[in-house]
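# Report on the structure
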Amino acid sequence: MKMKFLFVWLIVPVLFSCKQVAPPAAVGPIPSESQLKWHEMEEYAFVHFSMNTFTDIEWGYGDKSPELFNPTELDCNQWARVCKEAGLKGIIITAKHHDGFCLWPSKYTEYSVKNSPWRDGKGDLLRELSDACKEYGLKFGVYLSPWDRNHADYGRPEYITYFRNQLRELLTNYGDIFEIWFDGANGGSGYYGGANENRNVDRKTYYDWENTYKMVRELQPNAILFSDAGPGCRWCGNEEGWVGKTNWNILRRDEVWPGFPDYKELQYGHEDGTHWVPAEVDVSIRPGWFYHKSEDHKVKTLPHLLDIYYHSVGRGATLLMNFPVDPRGLIHEKDVEQILKMSNALKADFALNLAKGKEVEASNVRGNSRKYKASNVTDGEKETYWSTDDPISQASLTIDLEKPTEFNRFLIQEYIRLGQRVQEFTLDVMVDGKWQTLAQETTIGYKRILRLPTTTASKIRVTIKKSKAAPLITNVELYKAPKVLTAPVIKRDREGILKIESADNEVDVFFTTDGSEPDNNSNRYTESFILAGKAEVKAIALDPVSGKRSPVSSETFDVVKKSWKIVGVEDENANRIFDGEPMTVWHQSSKQMPIDLLVDLGQTHLIRGFKYLPDQNRWSNGIIFNYQFFASTNGQSWELVSEGEFSNIKNSPIWQTKLFDPIKARFVKFRALDNTSNNSVAGYAELDIITE
Ligand code: FUL
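Residues numbered from 1 in each chain as written. Predicted model: local features only at pLDDT ≥ 70, side-chain atom pairs only at ≥ 80, totals over all residues. Heavy atoms only, no water.

## Regarding the sheet that holds strand 26 (residues 553-557)
Read from one edge to the other, the open sheet built from four strands follows the order 23-22-25-26, with strand pairing classed as antiparallel. Two strands close off the open sheet at either side, each with one partner strand: strand 23 (523-524) and strand 26. Summarising the sheet, strand 22 (residues 508-512) and strand 23 pair through two bridges and their orientation is antiparallel. Counterpart to Phe511 in the pairing with strand 23 is Asn523. (Pairing = 2+ DSSP bridges. Helix = DSSP H or I, 4+ residues; strand = E, 2+ residues; numbered from the N terminus.)

## A word on the pairing of strand 12 (residues 318-324)
Of all seven residues making up strand 12, seven are buried, and the element is well covered by its neighbours. Alternating positions in strand 12 separate into two faces, Thr318, Leu320, Asn322 and Pro324 on one and Leu319, Met321 and Phe323 on the other, with burial throughout. Bridging between strand 1 (residues 43-48) and strand 12 involves six bridges; their strand directions are parallel. Looking at strand 12, one finds that Val47 is bridged to Phe323. You can see the chain leave strand 11 (residues 279-284), run along helix 8 (residues 302-310) and come back into strand 12, and the turn it takes is right-handed. (Buried < 20%, exposed > 50% of the residue type's maximum accessible area, 1.4 Å probe, protein only. Right-handed = clockwise from strand over helix to strand, strands pointing away.)

## Some points on the confidence of the model for the protein
Mean pLDDT for the protein: 95, with 97% of residues reaching 70 or above. Low pLDDT, under 50, characterises residues 1-18; the predicted model gives this stretch three contacts beyond four residues in sequence or across chains. (pLDDT = per-residue confidence, 0-100. Contact = heavy atoms within 4.5 Å.)

## A word on unusual backbone geometry
Here the bond from Asp390 into Pro391 is cis, since omega is -5°, no more than 30 degrees from zero. Within the secondary structure, Pro391 is located in the loop between strand 14 (386-387) and strand 15 (395-414). With an omega dihedral of 0°, the bond running from Met593 to Pro594 counts as a cis peptide bond. Checked against the element boundaries, Pro594 lands in the loop between strand 28 (586-589) and strand 29 (595-613). In this structure, Asn368 takes a positive phi of about 55° despite not being glycine. Its location among the elements puts Asn368 in the loop between strand 13 (359-362) and strand 14. When its relative accessible area of 71% is taken as the criterion, Asn368 is described as exposed.

## Here's the deal with the domain arrangement of the protein
Domain boundaries assigned for the protein yield domain 1 (35-349), domain 2 (360-479), domain 3 (489-557) and domain 4 (565-691). Distance from the C-alpha centre of domain 1 to the C-alpha centre of domain 2: 36 Å. A buried area of about 1900 Å², summed over both sides, lies between domain 1 and domain 2, and 49% of it is on carbon and sulfur atoms. When the buried surface of domain 1 facing domain 2 is broken down by residue, Leu36, Trp248 and Tyr310 rank first, second and third, together holding 27% of it. Taken together, the links from domain 1 to domain 2 amount to four salt bridges. (Domains from an automatic or database assignment. Buried area = accessible area lost by both parts, 1.4 Å probe. Salt bridge = Lys/Arg side-chain N within 4 Å of Asp/Glu carboxyl O.)

## Digging into the side chain of Asn364
Topologically, Asn364 is positioned in the loop between strand 13 and strand 14. According to the relative accessible area criterion, Asn364 is buried, its value standing at 17%. Of note is the side chain of Asn364, whose polar atom sits 2.9 Å from the backbone nitrogen of Asp389. The contact partners of Asn364, leaving out residues within four places of it in the chain, are Trp386, Ser387, Thr388, Asp389 and Ile392. (Polar contact = N/O pair within 3.5 Å; in protein donor to acceptor, adjacent residues only side chain to side chain.)

## Things to note about the site of the ligand
The ligand sits among Phe46, His48, Trp59, His97, His98, Tyr143, Trp181, Asp183, Ala185, Glu239, Asp282 and Trp289. Between His48 and the ligand, the recorded distance is 2.7 Å, taken from a side-chain N or O atom to an oxygen atom. Here the ligand has 290 Å² of accessible area as a free molecule, and 91% of this is covered by the chains. Grouping the amino acids of the shell around the ligand by side-chain chemistry returns six nonpolar, three polar and three charged. (Near = heavy atom within 4 Å. Areas by Shrake-Rupley, 256 points an atom, 1.4 Å probe, with all protein chains shown as cover. Nonpolar A, V, L, I, M, F, W, Y, C, P; charged D, E, K, R; others polar.)

## Quick notes on the sheet that holds strand 11
Read around the closed barrel, the eight strands follow the order 1-2-3-4-7-8-11-12; overall the barrel is parallel. Each neighbouring strand pair of the sheet contributes to a mean axis angle of 25°, computed without reference to strand direction. In the sheet, strand 4 (residues 179-181) pairs with strand 7 (residues 224-227) via three bridges, with the strands oriented parallel. Following the sheet pairing, Glu179 is matched in strand 7 by Ile224. The strands touched by helix 8 within the sheet are strand 1, strand 11 and strand 12, with strand 12 carrying the most contacts at an inclination of about 145°. (Axes fitted to C-alpha atoms, helices over the stretch in contact; angles between N-to-C directions.)

Written out as structure tokens, the structure is:
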């Protein structure tokens, strides 16, 4: 009797609590250990630096002399220092770009640094960079272009031996390589040892990738192989810096090959993927991958860089941020400034996790086991996770924030070691005792971050609406990111409508129109309005809570261009040159220069100068160099009021201002005598006059 009592009251409960709950089984493809480590890197750097840096082009033909490669202040420690400070975890370098020029003294070609004046031909950039990476605790990776526009054998089987020999050099001489980049751009025109011809290859078969991968696995078993199709990680399908909101880490890999035409699918992955091939977002901090002085004023702004972060890392991809190292051999100071702005802003965004250690309740816990308990998501441990019974249609987690708490960032992670599962989830918040839905989303994956309107809630609820199997959620975090206080952008269109845009829509914008410094007593901007005539507009963004303010932005406007007309042109697009939008452009082409642009100003003004903004696009065209500018009161008899060149416009295609003695004019004629690319195109982003 006594024994039976003991058994029921003591042994049975003990047996029950020890009951083994079946652990969740893997669902679909899962990542390898190296892929898991790679996911955790989150952000790392790309460096494009090679012959193109010295020839000012993006794709070298393969015919330029190694003599041209001559950085004067090359300092890989500077690159590593900047990357380290910016929180980037590694550097991938263009060991060989499409033009075939090698940054290391390869045994297999003369087309390398060994025939350049740099370090008297004794330099090895890969040695210097891999050493710098070691010193700064960064990982080191290489880009080796499969396409080689210099090599005589490109397109023939012999080239594959050459390519592998080079790869072997890279994989054996520079320590651990974390990623190897095989670009999808392949085949086309080139120098090819002097043949100067077009060579196309069958991208599916020519490279015999399987055997190359085998070699990599032997020499660097942990290296992640990048290509459109992986196998380690995949291209994200664009070079703008984003991956889809729905982002599957898995891919029907055998349907994809480097250079495949449906590459846009790579932006989302395949929900029914057969292999773990996560996306990497490669993007340059400037428009080009290589350095061009003409892009010094086009380094991406902080709001743009933050968008890139939230649209890459924030959607479960990694971010590969490119620095076009300049001809000195340094990351340009403007790029340094912007990347540090970005990393400082991100540090501030994720400074304090408001959900850390908070109580969590779940609608269902797998086998009621403590191992899978809900509070695993707020314990800061990456190996513990909340899970539910299997199968389950829907499950939710409620985090009690204890008091009304303000936040605007929500971060969630799946335990991807056992596969990516979640297909749909929602985020609800309890405000004044009532639940409201704040977001409805799809995939999570390694990490998902939502930027939300600032919300004050006492509880949040995450509902997994649809999942391939029991969800495994390892982490939920909440933050209150500071406002983005960059100088507002001021624009006025042809009609005279003034718009002021700020990067953060939760800040106040104040402005003046008389050139005085704006503060919180100035006009508050709420919506666009007509601002006629001459004005110097200045604006600031101000966080109403902290009182912090942005730098001041400033724009000067002259007469409104409403009644301006381009004479003798029917093309509607021509009006783009008066629209106040620097990114829109109109081109005039002709059989030969000069090309005239004749504008009727609609009324007579006393003018004393003009302003010209050339095409601002990445592949810009028709940048006028030598010009003449004429004025007329009747459109018949013209007076030449200014002529000359826009010095340095090729390197610095910013607003060009020319002043002259005041003259009355109803008509102006802007004559392009030539342009920076020696063709007969005149391109205009904007044209303006300066009146007395
Ligand atoms: C592209 C290349 O063609 C560009 O030059 C650059 O290297 C970029 C990262 O990949 O496909």
